[in-house]
Amino acid sequence: MGGIGSGSWFRGCSKTTTESQHRVDIRWLKKQGYLVPGSFGVLSWACRGEQTGFINYRMKEDRIVLIYRHRINGGEWEDVEQHISIDQTSCNYGGYRTWFLCPRCLKRVAIIYGAGKYFLCHHCYDLTYSSQQEAWEDRMLRKSRIIKARLGVKNPIGRIIFKPKGMHQKTFDRLRFQAERCEYIGWINMGRKLGIKF
Ligand SMILES: [Zn+2]
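Residues numbered from 1 in each chain as written. Predicted model: local features only at pLDDT ≥ 70, side-chain atom pairs only at ≥ 80, totals over all residues.

Points about the nonpolar core
General note: in soluble globular proteins, nonpolar side chains tend to be found buried as a group. If you look at the biggest cluster of nonpolar residues, it comprises 23 residues, and the most contacted ones within it are Leu-66, Cys-102, Ile-112, Phe-119 and Leu-120. Contributing elements (two or more residues each) for this core: α1 (26-32), β4 (50-59), β5 (63-70), β9 (111-113) and α2 (122-129). In this view, Leu-66 contacts Ile-55, Tyr-57, Gln-82, Ile-84 and Phe-119; residues no more than four positions away in its chain are not counted. Core analysis: the second largest hydrophobic core is formed by six residues, Met-140, Leu-141, Ile-147 and Cys-182 among them. (Core = buried A, V, L, I, M, F, W, Y, C linked by C-beta atoms within 7 Å. Buried ≥ 20, exposed ≤ 12 C-beta atoms within 10 Å, placed from the backbone. Helix = DSSP H or I, 4+ residues; strand = E, 2+ residues; numbered from the N terminus. Contact = placed C-beta atoms within 7 Å.)

Here it is as structure tokens:
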């Protein structure tokens, strides 16, 4: 179990972009026995023997709390405390798999990356770091519109009520959940950007 000072060295240097980021792999934490409520310690990264960063963590019942300092381009250090929910899904062969819920898109992911101020999944950082991409909220709303169209809802703000003929109930439920989630996240982020509270 991780106590203060229990250094945990993640592989930190590699050629690919995601690999060169500070990352936390929940499978690794589980293997080390750190995913126990009340457990706490330090996670650190190194590159060629040099420490490149560290964070403190604290395990709660249903989430991990990451405590660290962040600064942009040599600016002022800022204290950050980030809470990341933990989810579990059962495996076909018994047991269960543990996931982080990315704080931004709520996707289940095994690895989160500290590529900016917060630890997020790679999908979120791919979007953030590419100026070629449309805004995050636009992408979410567009995704919602595409799924809705597949479910026969032409109006982008229309509700999904009827299951299309021939579609499995499970598929319908999954797509409806995805569309509603994307729409919700899209509007919330849009609102945040514009300073509106929904
Ligand atoms: Zn994400």
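Remarks on unusual backbone geometry
Notably, Leu-106 is not glycine yet its phi reads approximately 65 degrees, a positive angle. Within the secondary structure, Leu-106 is located in the loop between β7 (96-101) and β8 (108-109). Since 14 C-beta atoms lie within 10 Å of it, Leu-106 is described here as partly exposed.

Side note on the packing of helix α3 (residues 136-150) against helix α4 (residues 169-194)
Closest axis-to-axis distance for the α3/α4 pair is 8 Å, and the angle between their directions is 150 degrees. If you check the angle between α3 and α4, you find them roughly antiparallel. The hand of the α3/α4 crossing is left-handed. When α3 is examined against α4, the residues Trp-136, Glu-137, Met-140, Leu-141, Lys-143, Ser-144, Ile-147, Lys-148 and Arg-150 are found in contact with a partner set consisting of Leu-175, Gln-178, Ala-179, Cys-182, Glu-183, Ile-185, Gly-186, Asn-189, Met-190 and Lys-193. Partitioning the contact of α3 with α4 into residue classes produces nine nonpolar, four polar and six charged. (Axes fitted to C-alpha atoms, helices over the stretch in contact; angles between N-to-C directions. Parallel < 35°, antiparallel > 145°, perpendicular 65-115°, else oblique. Left-handed = near helix turned anticlockwise from the far one by under 90°. Nonpolar A, V, L, I, M, F, W, Y, C, P; charged D, E, K, R; others polar.)

Some words on the environment of His-22
Structurally, His-22 is set in the loop between β1 (9-11) and β2 (23-25). With 97 residues separating them along the chain, His-22 and Phe-119 place their C-alpha atoms 8.8 Å apart. In this structure, His-22 is in contact with Trp-45, Gly-53, Tyr-113 and Gly-114, ignoring residues within four places of it in sequence.

Some words on α3
Compared with the 21 Å implied by 1.5 Å per residue over 15 residues, the 21 Å span of α3 between its first and last C-alpha is a close match. Considering only its buried residues, α3 is in contact with α4. A positive phi of about 80 degrees marks Gly-152, the residue just after α3. (Expected span 1.5 Å × (residues − 1).)

Quick look at the pairing of strand β3 (residues 40-47)
Note: β3 against β4, eight bridges, orientation antiparallel. Following the sheet pairing, Cys-47 is matched in β4 by Glu-50. Between the end of β3 and the start of β4, which pair antiparallel, lie two residues, with Arg-48 showing a positive phi angle near 50 degrees. (Pairing = 2+ DSSP bridges.)

Thoughts on the environment of Tyr-57
The residue Tyr-57 is located in strand β4 in this model. The exposure class of Tyr-57 is buried, given the 21 C-beta atoms found within 10 Å. Apart from the residues within four sequence positions on either side, Tyr-57 is in contact with Phe-40, Gly-41, Leu-43, Ile-64, Val-65 and Leu-66.

Things to note about α4
Owing to its 3.6 residues per turn, the α-helix brings residues three or four apart onto one side. Under the 1.5 Å per step criterion, the end-to-end length of α4 is 37 Å for 26 residues, consistent within 8% with the ideal 38 Å. Of all the residues in α4, the buried ones are Ala-179, Cys-182, Glu-183, Ile-185 and Gly-186. Close packing links the buried residues of α4 with α3. Once α4 ends, the next one or two residues include Gly-195, with phi positive near 75 degrees.

Overview of the confidence of the model for the protein chain
For the protein chain, mean pLDDT is 82; residues scoring 70 or higher make up 83% of the total. Ranking the elements of the protein chain by mean pLDDT puts β1 last with 41 and β8 first with 95. Below pLDDT 50 for its whole length, residues 1-19 participates in 34 contacts with residues either more than four positions away or in separate chains. When the criterion is pLDDT under 50, residues 127-133 qualifies, and its contacts beyond four places in sequence or with other chains add up to four contacts. (pLDDT = per-residue confidence, 0-100.)

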